[in-house]
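Understanding the architecture of this molecule
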Amino acid sequence: MRQGLFVAVVAVALGLPLRGQDAAGTAALKALLDAPSERIDLYAGVLLLGAQAGRAVPPHLDYLLRLTKAAGDAIAAGDGSHAACLAAAADVVFGDEGFRTAREDLPLDALTLPQVIEQKRGPPIAIVVLVLAALRDAPAAAQVACAAGRYFVRMGPAGQERILDVAGGRVAGPGDPLLRGARLEGAPALSTRQILGHYALCLGRAAQRERRDALAGRFLKIAWHLAPQNPELYVVEGRRALVRWELAKAERCFVRALRLDPVLRDGHVGMAEILVRQRRLNEAASALEKAFAADRDDPDALRVRGELFLAKGDFRAAQDLFERLTQWRPQDPRAWSGLALAHIGRNNRAGARAALAQAEALAPAGVETQYAAGEIHAHEQDLDRAFTAFRKTIEVNARFAPGYLRRGAIYEVWNVPGAALRDYRTCLELLELPREHPFARDIGARIEKLRADLGAGGPGGIR
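Figured I'd write up the structure that's included with this text. Computed from a predicted structure; not experimentally measured.

So, the overall build of the protein
- Scanning the protein from terminus to terminus reveals 23 helices and 7 strands.
- Put simply, the protein has 463 residues, and 52% of those count as buried.
- Put simply, of all contacts in the protein between residues at least 6 apart along the chain, 56% involve residues at least 24 apart.
- Per element, the accessible surface of the protein, about 21,100 Å² overall, is 52% carbon and sulfur.

Set out below in structure tokens:
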């Protein structure tokens, strides 16, 4: 019975035509969400993710057969427990197949299951899905847990359990040094539904990186349906809010993520970025230390630290850090923009121009690129071009508070107090700072001075 169902599902998977994939994906999604329990058919999820990506992405038939044979060998040896089957499947993945784990920052196509199988390389969550493909459902006796963004599979009875470190490809006992200090105590087991939600989130992030917004939205919607308590979902929403400069919403998202997982690195990095933007620098430094406790070389945390150095005026430290980042991530325009700001802070115009040229080649219309250009022009006393650059930042993102602040300063130099007053007020509203904060008080003082000038009959036109 079980074998017949397996063959039928694989046949459907292999026969999924390119035409009508939307219908197949919709049907799979409905089956997934209408299931009476959390013992969701794994293959339905694979079909769903494939259809949503616009292609059929079931695992290769021969690969599934090898995994099934590994599980069958465990049964033939007299042990048909879920744990034994899963251990056999894991051995196929990490032993016979020689899989290597990779970071999730791969192209979307490289994250789909056929590519993971073909390249024998993929992020841990994709490999978890492949290990569990040896069984139709997530077995109660073999649990998948996620701790601090790392995936582990517990196998066997309490006291005799073995733990598969998915990223390391090793099986060890509790407390074994091979687990590299993983904090599994209290980490809840993930259902198949949640595992598929994690995988959908992985694909959604990749689609976001490639600016395939409609596809990213579909994957993220699936992830919310399947695993609404996944803290990484709140990180994704928080980052989307950060891009839009919706700081209050971003903070709510990161706070929720950290309540669900207090050691979540990305949650602390997100909070640090908000705090840097609001010039709450001591709090930002504290949040970054919590992020670095998990990974001292995390590129996102290092970028935020570079921005913290810029906010503090420590331009030498910022330059050193952004130079490292541009070597590690040469395709990241924000790293080049940060380097340009560090150079201009040290009065190195040639270095600033060279870094800006790299940012412009990668993201010519990007907010950070235009802002760096504006700062360079302002440093060179070319206020007309600086004004144009800061205006462009606002046109790209109407909530970009630094653009209003710097454009307001130019209006003030040009003696256009009415326009400067409006820009300063907008900046203060967008930063969402308490009035007693020093940065808010500084902007407030500029506003009061301009109000006094206007009250005394000063010019208030808009240039």
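Picking up after the structure, the text goes on.
Thoughts on the nonpolar core
- The biggest cluster of nonpolar side chains holds 77 residues, and the ones touching the most others in it are Phe254, Leu288, Tyr424, Cys427, Leu431 and Ile443.
- In this structure, Leu49, Phe94, Leu220 and Ala223 belong to the second largest nonpolar core, which totals 59 residues.

Brief notes about the pairing of strand S5 (residues 162-165)
- The pairing of strand S4 (residues 150-155) with S5 spans 4 bridges and is classified as antiparallel. The residue bridging Arg154 from the neighbouring strand is Ile163, located in S5.
- Bridging between S5 and strand S6 (residues 170-172) involves 3 bridges; their strand directions are antiparallel. Bridge assignment links Leu164 to a residue of S6, and that residue is Val171.
- Between the end of S5 and the start of S6, which pair antiparallel, lie 4 residues, with Gly169 showing a positive phi angle near 70°.

Notes on the layout of surface pockets
- Approximately 740 Å³ is the volume found for the second largest pocket.
- Taken together, 27 residues line the second largest pocket, and the ones lying closest to its centre are Arg279, Leu310, Leu341, Tyr371 and Pro402.
- Looking at the lining of the second largest pocket, the elements that each hand over two or more residues are helix H13 (265-277), helix H15 (299-312), helix H16 (315-328), helix H17 (333-345), helix H19 (367-379), helix H21 (401-413) and helix H22 (417-431).
- Counted by class, the lining of the second largest pocket contains 16 nonpolar, 3 polar and 8 charged residues.

Conventions used here
Residues numbered from 1 in each chain as written. Predicted model: local features only at pLDDT ≥ 70, side-chain atom pairs only at ≥ 80, totals over all residues. Heavy atoms only, no water. Helix = DSSP H or I, 4+ residues; strand = E, 2+ residues; numbered from the N terminus. Buried < 20%, exposed > 50% of the residue type's maximum accessible area, 1.4 Å probe, protein only. Contact = heavy atoms within 4.5 Å. Areas by Shrake-Rupley, 256 points an atom, 1.4 Å probe, with all protein chains shown as cover. Core = buried A, V, L, I, M, F, W, Y, C linked by side-chain atoms within 4.5 Å. Pairing = 2+ DSSP bridges. 1 Å grid on protein atoms, 1.4 Å probe; cavity = no way out; pocket = protein on both sides within 12 Å on 5 of 7 lines; lining within 4 Å. Points joined across faces, edges and corners; volume = space filled by probe spheres on them. Nonpolar A, V, L, I, M, F, W, Y, C, P; charged D, E, K, R; others polar.

On their own, these measurements won't tell you what the molecule is for.
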